[in-house]
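Observations on the model geometry
Spelled out, the chains give:
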Amino acid sequence: MAIRLGDDAPNFTAETTEGTINFHEWLGNGWGILFSHPKDYTPVCTTELGTVAKISPEFKKRGVKVIAVSVDPMDSHKGWINDINETQKTTMNYPIIADPDKKVATLYDMIHPNAIDNMTVRSVFIIGPDKKVKLTLTYPASCGRNFDELLRVIDSLQLTSKYKVATPANWKEGEDCIITPAVGDAEAQQLFPKGFTTVKPYLRYTPQPNR
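Quick notes on the rules
- Residues numbered from 1 in each chain as written.
- Predicted model: local features only at pLDDT ≥ 70, side-chain atom pairs only at ≥ 80, totals over all residues.
- Heavy atoms only, no water.
- Helix = DSSP H or I, 4+ residues; strand = E, 2+ residues; numbered from the N terminus.
- Buried < 20%, exposed > 50% of the residue type's maximum accessible area, 1.4 Å probe, protein only.
- Contact = heavy atoms within 4.5 Å.
- Lys, Arg positive; Asp, Glu negative; His and termini not counted.
- Charge placed at Lys NZ, Arg CZ, Asp CG, Glu CD.
- Domains from an automatic or database assignment.
- UniProt positions renumbered as here; feature names shortened; annotations may be inferred.
- Polar contact = N/O pair within 3.5 Å; in protein donor to acceptor, adjacent residues only side chain to side chain.

Under an unreviewed UniProt entry, the name given to the protein is Putative Peroxiredoxin, and the source organism is Candidatus Nitrospira nitrificans.

If you want it as structure tokens, here you go:
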């Protein structure tokens, strides 16, 4: 069954390169990213895992845990990590799930029906502190994922989870945001003391609220 926005993120117990985890317990009360790889030693995924290791302070700053999954076994993962560290000039600093029985891949609907049997699609799941799925993305094998965009989405998700706002196209942290239509002008004046600008009756911008 496909995982949709707002669904509970399926829980599981799995072996990882940093030991056995219960996924929900490992997430704790924070945010998380689960992202899948079709197979160890794939070139695009090697660059992705290295990129995430390099920018891990950005995820930590936002209180986000990152974990990868591949259907290859643990011994393969350990060899791949050596290659990632060498070729990407970094040190892996987050776990990779070993999923040779495809339990996690099946739970998260990562096996495309027209794909080779052991190949997961390259999916991303952002999971909130309530253990619900907040974002899903699926990429083709030829296109590396944009982790700057994932950080931008996390900034938006965390902001909008606390305030009655939405973020406009190409929004970045610190920029003006949109007051949601459900908020009337009188309430908006109380909620957003920095003020707001009405572009159209349904479109009102306000400076980003203090976090």
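Okay, the overall build of the protein next. Of the regular secondary structure elements, the protein holds seven helices and 11 strands. Principal axes of the C-alpha set define a box for the protein whose edges measure 60 × 40 × 30 Å. Within the protein, the proportion of its 211 residues that are buried is 45%. Taking all contacts inside the protein whose residues are at least 6 apart in sequence as the whole, residues at least 24 apart take part in 65%. For the protein, the centre of its 24 positive side-chain charges and the centre of its 25 negative side-chain charges are spaced 5 Å apart.

Reports of interface size often rely on the accessible area that becomes lost once the parts have come together. You can read the domains of the protein as domain 1 (7-145) and domain 2 (163-206). Its C-alpha centre places domain 1 at a distance of 35 Å from the equivalent point of domain 2.

So, on to the UniProt feature "active site" (unreviewed entry) in the protein. Under the present numbering, the feature "active site" (unreviewed entry) in UniProt falls on C45. For C45, the position within the fold is in helix α2 (residues 43-54). Accessibility expressed as a relative area gives 1% for C45, which makes it buried. Beyond its immediate sequence surroundings of up to four residues, C45 is in contact with H37, P38, W80, R122 and R145.

On to unusual backbone geometry, then. The backbone phi angle of Y41 is positive, close to 70 degrees, even though this residue is not glycine. Of note, Y41 is situated in the loop between β3 (31-37) and α2. The partly exposed category is assigned to Y41, whose relative accessible area is 43%. Although it is not a glycine, K102 adopts a positive phi angle of roughly 60 degrees. Relative to the helices and strands, K102 is located in the loop between β5 (96-98) and α5 (103-107).

What follows deals with the side chain of H77. As for its position among the elements, H77 is in helix α4 (residues 74-88). Here H77 falls in the buried class, since its relative accessible area comes to 0%. Here I97 takes part through its backbone oxygen, which lies 2.8 Å from a polar atom of the side chain of H77. Beyond its immediate stretch of four places on either side in the chain, H77 contacts T17, D40, S70, D72, I96, I97 and A98.

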